[in-house]
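# Report on the structure
Residue-level listing of the chains:
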Amino acid sequence: MNWTNQAPKHIINDNVYGTVRVPSPIDKILDTVEFQRLRSLKQTGLVYRVYPNCEHSRFVHSLGTFSLAYNLVDKLRHNQPSLNITPADHTCVSVAALLHDVGHGPFSHLFDGEFAKRCGSSFKHEDMSIRCIRRIMMNDDIKSSFESILGTGETYEQNVQFITELISAKPFDFKDYESFKALSDSEREEAVEKEWSSLVSGRGPEKSFLYDIVSNSDNGHDVDKMDYLLRDSKASGVAITFSEASLYRLLDHVRVVIDPNSGLKRIGYSMKCVGEIKSIGDSRQELHSKVYQHKAVRFIETLMVDALYKAGDLLKYRGTNGRLFSLSEVTEDVEAYMQTSDFVEQEILNSSSSDPRMIEAQQCLLKIQRREIGCKVGCFEMSPKNATQVDGIANNEIGATEVVKKVEERMKQILKATDEAEGLEGKLENIQFRVMHSVLGRGLDEKTHPVERQIFYDGKPKDNDGQPMMGCYVDDDYIINNCPRMATKWEIFVMGDRSLKDECNVGFIEHIKNALREAGEAEKFLTPRKRSPPQDENPDPSCSVAAKRRLFSSHAP
């Protein structure tokens, strides 16, 4: 039975692709409790508090991701029949795309990010997604619907394992990757196959390209990212360089090619699509800068984490065998976890508990509702490379957190000294502010632009004797001329009370801005500025553009 040739069971209107067509038996998954729960989880967490139209759910994002995965595999199946893509392959990739986010908690990444860290947990939503997928696919009704495609017994179990690997495995993280280049073709094939079997078991190396589609840890160019970039950009109204035209151009030029380094079959695109591929990573950074990590959003998130942490022990969810789990414990039980959603905010607000922790949590949420969220009073951008030059701070989220601690400590020293020097009687020293950070990356590490890791092909797409074409990477000249030296930047910013915006406090804002800049320079996170000459000195017109501007303005009538 090949369900790809059947008429769709559901045709769902979608504001990005027009329609999403869901065939049988995929439609059975749509009606499960686990998948329907995604309607109650906003795709962009608390972003809607700043961008009101960003209220779309993970339910619609999952449908969109499914549609892209289904259509991409369908194109490969028709364009390259030598790949031997089976109905089971097609089904597994489609199901993985549909269920890749089923393990998310309240407010999306906030729950397995800042909240989990606050609770001392290492929980990741991908782990819960795997548990939920197994629960869904082992349901008797679902199992009987899929057995005609995915087989029975061990075959069915292997296909379910493959589905979970498609969203969580890193099959291309070879330990001896560099050594492959020095091996002969036969030796390399043997070495790759040996390492492959130690990383994944759902499919062999001959179907390696399927692991590039849903969750691509190697270069990040997967259908999950393509959907949320388009969907979130459309909802927020923030334009990005990756567009629907970019997407359709990529789908028209997608092929399976041979990785020149490992010899594995990988998803590749025509070399003339290099601009569209580059725009994926660039657009990710842009949306993180303007939408996902907007300063007000980040501050609201801190209030929400405070609320969840304070009220967490008082919120109970019934799990397996009737046992009650607190909010921080629900990750231990799938049944209890399925009862959590973004509605937890309303649970806290509606609570009649007189416990001081619940009252404090309600106050945090009321601050969000009243827009008592503080304001940005200063910021600077820095390269992660600058942080590593001091005390070995790592290039990651932990490193940015360490930078924030150092900057905040130094700022307090600077403001105290300024307060004493200007005789402000402690007014400046006692100002309440919070130093925060945003990590604005393109999806990989700090130095690597994702386009560097993408495989392309030159010329017209074709199968040579039934084998995919040999792929290639973009050359170094392209990277040097078109990509920044650091693919990630950190933004360090200060949030203060809104009263600082009052006319009587404007001078304090300048002091805070200067203290932030001086702290960054003192800790060697920033390049020291060239100091302006005293006002009574005439600047040398030849010294800099800034000096010329000052000279010009001083002579203006």
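Residues numbered from 1 in each chain as written. Predicted model: local features only at pLDDT ≥ 70, side-chain atom pairs only at ≥ 80, totals over all residues. Heavy atoms only, no water.

Operational definition: UniProt positions are given in the numbering used here, feature names are shortened, and annotations may be inferred rather than shown by experiment.
Going by an unreviewed UniProt entry, the protein chain carries the name HD/PDEase domain-containing protein and comes from Caenorhabditis remanei. According to its UniProt record, the protein chain has this under Sequence similarities (unreviewed entry): "Belongs to the SAMHD1 family."

### Points about the overall build of the protein chain
Keep this limit in mind: Numbering goes from the N terminus for both helices and strands, where a helix is a DSSP run of H or I of at least four residues and a strand is a run of E of at least two. Based on C-alpha atoms, the radius of gyration is set beside the globule rule, defined as 2.2 Å times the residue count to the power 0.38. Note on contacts: a residue pair qualifies if any of its non-hydrogen atoms lie within 4.5 Å across the two residues. Accessible surface is estimated by sampling points in the Shrake-Rupley manner with a 1.4 Å probe; for residues, cover comes only from the protein chains shown. In this tally, Lys and Arg are treated as positive and Asp and Glu as negative; His is ignored, and so are the chain termini. Positions of charges follow a simple convention, taking NZ of Lys, CZ of Arg, CG of Asp or CD of Glu.
Looking only at helices and strands, one finds 21 helices and 11 strands in the protein chain. Compactness check: the protein chain gives a C-alpha radius of gyration of 27 Å against a globular reference of 24 Å for 557 residues, within 12% of the reference. If one aligns the C-alpha atoms of the protein chain with their principal axes, the spans along those axes are about 85 × 65 × 45 Å. Long-range pairs, those at least 24 residues apart, make up 71% of the contacts in the protein chain with a sequence separation of at least 6. Approximately 25,800 Å² of the protein chain is accessible, and the part contributed by carbon and sulfur atoms is 46%. The centroid of the 72 positive side-chain charges in the protein chain is displaced by 3 Å from the centroid of its 84 negative side-chain charges.

### Quick notes on the UniProt feature "domain: HD/PDEase" (unreviewed entry) in the protein chain
The UniProt record marks residues 54–238 with the feature "domain: HD/PDEase" (unreviewed entry), using the residue numbering of this structure. Strand forms 0% of residues 54–238 and helix 61%; the C-alpha atoms that close the span are 11 Å apart.

### Brief notes about the pattern of salt bridges
Stated formally: Just to be clear on terms, a salt bridge is a Lys or Arg side-chain nitrogen sitting within 4 Å of an Asp or Glu carboxyl oxygen.
The tally for this structure, following the rule as stated, stands at 32 salt bridges. Salt bridges here are not isolated pairs; linked through shared partners, they connect Asp212, Asp218, Asp259, Arg266 and Arg453.

### Section: the nonpolar core
Just so we agree on the cut-off: Nonpolar cores are built from buried Ala, Val, Leu, Ile, Met, Phe, Trp, Tyr and Cys residues. Side-chain atoms within 4.5 Å join them into one set. Only protein chains enter the calculation, and the probe is 1.4 Å; a residue is then buried if its accessible area is under 20% of its type maximum, exposed if over 50%, and partly exposed in between.
In terms of nonpolar packing, the biggest core is built from 129 residues, with Met137, Ile213 and Tyr269 touching the most fellow members. For this core, the leading source of residues is helix H13 (residues 295–311), giving 10 residues. Non-local contacts of Ile213, meaning those with residues more than four positions away in its chain, are made with Ala69, Leu72, Val73, Val93, Asp222, Val223 and Ile267. Formed by 29 residues, the second largest nonpolar core is a distinct cluster that contains Cys375, Met382, Ala400 and Val439.

### Focus on the pairing of strand E8 (residues 433–440)
Stated formally: At least two DSSP bridges between two strands are required for those strands to pair.
When you tally the buried positions in E8, you get seven out of eight residues, the bulk of the element. Examined bridge by bridge, E8 and strand E11 (residues 489–496) share eight bridges and lie antiparallel to one another. In the sheet register, Arg434 faces E11, and the bridge partner there is Met495.

### Overview of the environment of Ser215
Its location among the elements puts Ser215 in the loop between helix H9 (185–199) and helix H10 (223–236). Exposure remark for Ser215: the relative accessible area of 28% places this residue in the partly exposed category. With 33 residues separating them along the chain, Ser215 and Tyr248 place their C-alpha atoms 19 Å apart. Each residue touching Ser215, except ones within four places of it in the same chain, is listed here: Leu166, Ile167 and Asp222.

### Describing the packing of aromatic side chains
Under the convention used in this document: Any Phe, Tyr or Trp ring, taking Trp's six-membered ring, that has another such ring centre within 6.5 Å forms a pair; planes under 30 degrees apart are called stacked, those over 60 apart edge-to-face, and the others tilted. Note on geometry: a ring has a charge over it if NZ (lysine) or CZ (arginine) is within 6 Å of the ring centre and within 35 degrees of the ring normal.
Enumeration according to the criterion identifies 10 aromatic pairs in this entry. Ring plane angle 35 degrees and centroid distance 6.0 Å describe the contact between Phe66 and Tyr70, whose orientation is recorded as tilted. Remark: Tyr70 and Phe66 occur in helix H3 (residues 58–79); sequence separation between them is four residues, near one turn of the helix. Each member of the pair Phe66 and Tyr70 is classed as buried. An aromatic cluster of at least three residues, connected via ring pairs, comprises Phe111, Phe115, Phe123 and Tyr337. Over the ring of Phe59 we find Arg39; its NZ or CZ atom is 4.0 Å from the centre of that ring.

### Examining the sheet that holds strand E3 (residues 254–258)
As a reminder, the rule being used: Angles run from 0 to 180 degrees between N-to-C directions of axes, and those axes are lines fitted to C-alpha atoms, restricted for helices to the stretch in contact.
Reading across the sheet, the four strands line up as E9-E4-E3-E10 and stay open at both edges, with mixed pairing between neighbours. Of all the strands in the sheet, the pair left with one neighbour each is strand E9 (455–457) and strand E10 (469–470). Here E3 pairs with strand E4 (residues 265–270) via five bridges, running antiparallel. If you follow Ile258 over to E4, its bridge partner there is Lys265. Its contacts with the sheet place H3 against E3 and E4, and it is angled at close to 65 degrees to E3.

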